[in-house]
Amino acid sequence: MRYAGLLTNDFANGTGTCVSFWTQGCPHKCKGCQNPETWDFFGGKELPPDIRGQIIKAISANGIIRNFSILGGEPLCEENLELVDNIVSSVRIAYPHIKIFIWTGYTLEELKEKNNTHINNILQHIDILIDGPFIQEQRDITLHLRGSSNQRILHK
(Lines give C-alpha, C1' and ligand atoms only; values in the text may rest on other atoms or scores of the structure.)
Protein backbone atom coordinates (compact mmCIF):
# COMPACT_ATOMS: atom_id res chain seq x y z
CA MET A 1 0.00 0.00 0.00
CA ARG A 2 1.27 3.47 -0.87
CA TYR A 3 0.56 7.01 0.25
CA ALA A 4 1.61 10.45 -0.99
CA GLY A 5 2.31 12.29 2.24
CA LEU A 6 1.57 13.27 5.83
CA LEU A 7 1.77 16.83 7.13
CA THR A 8 1.39 17.21 10.88
CA ASN A 9 0.84 20.98 11.07
CA ASP A 10 -1.18 22.02 8.04
CA PHE A 11 -2.89 25.41 7.96
CA ALA A 12 -4.15 25.30 4.35
CA ASN A 13 -6.28 22.15 4.12
CA GLY A 14 -9.19 22.37 6.53
CA THR A 15 -9.90 24.83 9.32
CA GLY A 16 -7.55 25.61 12.16
CA THR A 17 -4.46 23.45 12.42
CA CYS A 18 -4.83 20.04 10.80
CA VAL A 19 -2.98 16.82 10.34
CA SER A 20 -3.28 16.14 6.61
CA PHE A 21 -2.88 12.76 4.92
CA TRP A 22 -2.57 12.37 1.14
CA THR A 23 -3.56 9.10 -0.47
CA GLN A 24 -1.71 7.82 -3.53
CA GLY A 25 -3.50 7.04 -6.78
CA CYS A 26 -6.28 8.80 -8.64
CA PRO A 27 -8.51 7.62 -11.47
CA HIS A 28 -9.80 11.15 -12.25
CA LYS A 29 -6.57 12.82 -13.42
CA CYS A 30 -8.24 16.24 -13.57
CA LYS A 31 -6.70 18.75 -15.97
CA GLY A 32 -4.93 21.39 -13.87
CA CYS A 33 -4.80 19.24 -10.72
CA GLN A 34 -2.57 20.70 -8.00
CA ASN A 35 -1.29 17.22 -7.03
CA PRO A 36 -0.58 15.30 -10.27
CA GLU A 37 2.27 13.46 -8.52
CA THR A 38 -0.43 11.59 -6.55
CA TRP A 39 -2.11 10.07 -9.64
CA ASP A 40 0.11 7.01 -10.04
CA PHE A 41 -1.02 4.15 -7.78
CA PHE A 42 2.59 2.89 -7.72
CA GLY A 43 4.09 6.30 -6.89
CA GLY A 44 4.47 7.94 -3.52
CA LYS A 45 5.91 6.15 -0.51
CA GLU A 46 5.47 2.76 1.09
CA LEU A 47 2.82 3.00 3.80
CA PRO A 48 4.34 2.46 7.25
CA PRO A 49 2.58 -0.28 9.25
CA ASP A 50 1.91 2.17 12.09
CA ILE A 51 0.41 4.99 9.99
CA ARG A 52 -2.78 5.09 12.08
CA GLY A 53 -0.73 5.42 15.25
CA GLN A 54 1.39 8.17 13.69
CA ILE A 55 -1.72 10.12 12.69
CA ILE A 56 -3.42 9.68 16.07
CA LYS A 57 -0.28 10.79 17.90
CA ALA A 58 0.20 13.79 15.58
CA ILE A 59 -3.36 15.03 16.15
CA SER A 60 -2.56 15.77 19.81
CA ALA A 61 1.20 16.46 19.57
CA ASN A 62 2.51 19.03 22.06
CA GLY A 63 -0.89 19.18 23.77
CA ILE A 64 -2.54 20.87 20.76
CA ILE A 65 -5.58 19.12 19.30
CA ARG A 66 -5.73 19.36 15.53
CA ASN A 67 -8.41 18.57 12.98
CA PHE A 68 -7.79 15.87 10.36
CA SER A 69 -7.85 16.15 6.57
CA ILE A 70 -7.62 13.44 3.91
CA LEU A 71 -6.74 14.46 0.39
CA GLY A 72 -5.25 12.82 -2.66
CA GLY A 73 -4.90 11.36 -5.08
CA GLU A 74 -8.39 10.06 -4.62
CA PRO A 75 -9.18 8.91 -1.07
CA LEU A 76 -12.47 7.31 -2.08
CA CYS A 77 -11.43 5.23 -5.07
CA GLU A 78 -11.65 1.47 -4.68
CA GLU A 79 -7.90 1.06 -4.14
CA ASN A 80 -7.85 3.44 -1.14
CA LEU A 81 -11.20 2.70 0.53
CA GLU A 82 -10.15 0.12 3.10
CA LEU A 83 -7.17 2.20 4.24
CA VAL A 84 -9.18 5.41 4.49
CA ASP A 85 -12.01 3.63 6.32
CA ASN A 86 -9.56 2.20 8.86
CA ILE A 87 -7.85 5.55 9.41
CA VAL A 88 -11.08 7.57 9.67
CA SER A 89 -12.64 5.06 12.08
CA SER A 90 -9.54 5.03 14.28
CA VAL A 91 -9.28 8.82 14.35
CA ARG A 92 -12.99 9.20 15.15
CA ILE A 93 -12.73 6.75 18.07
CA ALA A 94 -9.63 8.49 19.46
CA TYR A 95 -10.93 12.04 18.88
CA PRO A 96 -14.74 12.12 18.73
CA HIS A 97 -14.89 15.94 18.77
CA ILE A 98 -12.41 17.00 16.08
CA LYS A 99 -13.42 17.86 12.53
CA ILE A 100 -12.55 15.34 9.83
CA PHE A 101 -12.40 16.60 6.23
CA ILE A 102 -12.20 14.56 3.01
CA TRP A 103 -11.66 15.88 -0.52
CA THR A 104 -12.92 13.67 -3.34
CA GLY A 105 -13.36 13.96 -7.09
CA TYR A 106 -16.61 11.99 -6.82
CA THR A 107 -19.89 13.72 -6.06
CA LEU A 108 -21.83 12.67 -2.98
CA GLU A 109 -24.50 11.26 -5.28
CA GLU A 110 -21.95 9.07 -7.08
CA LEU A 111 -20.61 7.81 -3.76
CA LYS A 112 -24.07 6.93 -2.49
CA GLU A 113 -24.87 5.08 -5.74
CA LYS A 114 -21.93 2.75 -5.10
CA ASN A 115 -23.65 1.48 -1.93
CA ASN A 116 -20.23 0.43 -0.61
CA THR A 117 -19.76 -0.49 3.07
CA HIS A 118 -16.43 1.36 3.33
CA ILE A 119 -17.81 4.50 1.71
CA ASN A 120 -20.91 4.46 3.91
CA ASN A 121 -18.78 4.05 7.04
CA ILE A 122 -16.40 6.84 6.00
CA LEU A 123 -19.29 9.23 5.29
CA GLN A 124 -20.79 8.41 8.67
CA HIS A 125 -17.57 9.31 10.50
CA ILE A 126 -16.51 12.52 8.76
CA ASP A 127 -17.74 16.06 9.30
CA ILE A 128 -17.05 17.76 5.99
CA LEU A 129 -16.91 16.35 2.46
CA ILE A 130 -15.58 18.51 -0.35
CA ASP A 131 -16.91 16.77 -3.44
CA GLY A 132 -16.64 16.93 -7.21
CA PRO A 133 -13.79 16.85 -9.70
CA PHE A 134 -11.56 19.87 -10.20
CA ILE A 135 -12.63 21.57 -13.44
CA GLN A 136 -9.94 23.86 -14.84
CA GLU A 137 -12.49 26.05 -16.66
CA GLN A 138 -14.28 26.71 -13.32
CA ARG A 139 -11.08 27.36 -11.33
CA ASP A 140 -11.53 30.02 -8.66
CA ILE A 141 -8.73 30.62 -6.16
CA THR A 142 -10.99 32.74 -3.95
CA LEU A 143 -13.17 29.78 -2.93
CA HIS A 144 -12.81 28.42 0.60
CA LEU A 145 -11.53 24.79 0.62
CA ARG A 146 -12.21 24.32 -3.12
CA GLY A 147 -10.38 24.82 -6.37
CA SER A 148 -13.29 25.11 -8.79
CA SER A 149 -16.84 26.41 -8.48
CA ASN A 150 -18.49 23.05 -9.23
CA GLN A 151 -17.08 21.56 -6.02
CA ARG A 152 -19.26 21.61 -2.93
CA ILE A 153 -18.57 21.79 0.81
CA LEU A 154 -20.99 19.35 2.42
CA HIS A 155 -21.37 19.34 6.19
CA LYS A 156 -22.35 15.90 7.42
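Structure: see above.
Residues numbered from 1 in each chain as written. Predicted model: local features only at pLDDT ≥ 70, side-chain atom pairs only at ≥ 80, totals over all residues. Heavy atoms only, no water.

Enquirer: Explain the overall build of the protein chain residue by residue, including any values.
Expert: In terms of regular secondary structure, the protein chain is built from 4 helices and 7 strands. What you see in the protein chain, going N to C, is helices and strands ordered as β-β-β-α-β-α-β-α-α-β-β. Its C-alpha atoms give the protein chain a radius of gyration of 14 Å, within 12% of the compact-globule value 15 Å for 156 residues. The principal-axis extents of the C-alpha atoms in the protein chain amount to approximately 40 × 30 × 30 Å. Expressed as a percentage of the 156 residues in the protein chain, the buried residues total 47%. Long-range contacts, defined as pairs at least 24 residues apart, comprise 64% of the intrachain contacts of the protein chain with a sequence gap of at least 6. With an accessible surface of roughly 7,900 Å², the protein chain has 52% of that area assigned to carbon and sulfur atoms. Mean positive and mean negative side-chain charge positions of the protein chain (15 and 17 charges, respectively) differ by 6 Å. (Helix = DSSP H or I, 4+ residues; strand = E, 2+ residues; numbered from the N terminus. Rg over C-alpha atoms; globule rule 2.2 N^0.38 Å. Buried < 20%, exposed > 50% of the residue type's maximum accessible area, 1.4 Å probe, protein only. Contact = heavy atoms within 4.5 Å. Areas by Shrake-Rupley, 256 points an atom, 1.4 Å probe, with all protein chains shown as cover. Lys, Arg positive; Asp, Glu negative; His and termini not counted. Charge placed at Lys NZ, Arg CZ, Asp CG, Glu CD.)

Enquirer: Please set out the layout of surface pockets residue by residue, giving values where relevant.
Expert: The volume enclosed by the largest pocket comes to roughly 680 Å³. As for the largest pocket, its lining consists of 32 residues, of which Gln34, Trp103, Phe134, Gly147 and Gln151 are closest to the centre. Among the residues making up the lining of the largest pocket, the classes are represented as 13 nonpolar, 13 polar and 6 charged. (1 Å grid on protein atoms, 1.4 Å probe; cavity = no way out; pocket = protein on both sides within 12 Å on 5 of 7 lines; lining within 4 Å. Points joined across faces, edges and corners; volume = space filled by probe spheres on them. Nonpolar A, V, L, I, M, F, W, Y, C, P; charged D, E, K, R; others polar.)

Enquirer: Which residues make up the nonpolar core, and what values go with them?
Expert: Within the largest apolar cluster, 31 residues are counted, with the highest numbers of intra-cluster contacts made by Phe21, Ile55, Phe68, Leu76, Ile102 and Leu129. It is helix H2 (residues 81-94) that provides the largest number of residues to this core, a total of 6 residues. Of all hydrophobic cores here, the second largest spans 8 residues; its members include Leu71, Ile128, Ile130 and Leu145. (Core = buried A, V, L, I, M, F, W, Y, C linked by side-chain atoms within 4.5 Å.)

Enquirer: An account of the pattern of salt bridges is requested, with residue identities and associated values reported.
Expert: Applying the stated criterion to the full structure yields 5 salt bridges. In this structure, Glu46 engages Arg2 in a salt bridge whose closest nitrogen and oxygen atoms are separated by 3.1 Å. Taken as a pair, Glu46 in strand E3 (residues 45-46) and Arg2 in strand E1 (residues 2-10) lie far apart in primary sequence, 44 residues in all. Several salt bridges share partner residues, and in doing so they unite Glu109, Asp131 and Arg152 into one network. (Salt bridge = Lys/Arg side-chain N within 4 Å of Asp/Glu carboxyl O.)

Everything listed is a geometric property; what it means functionally is a separate question.
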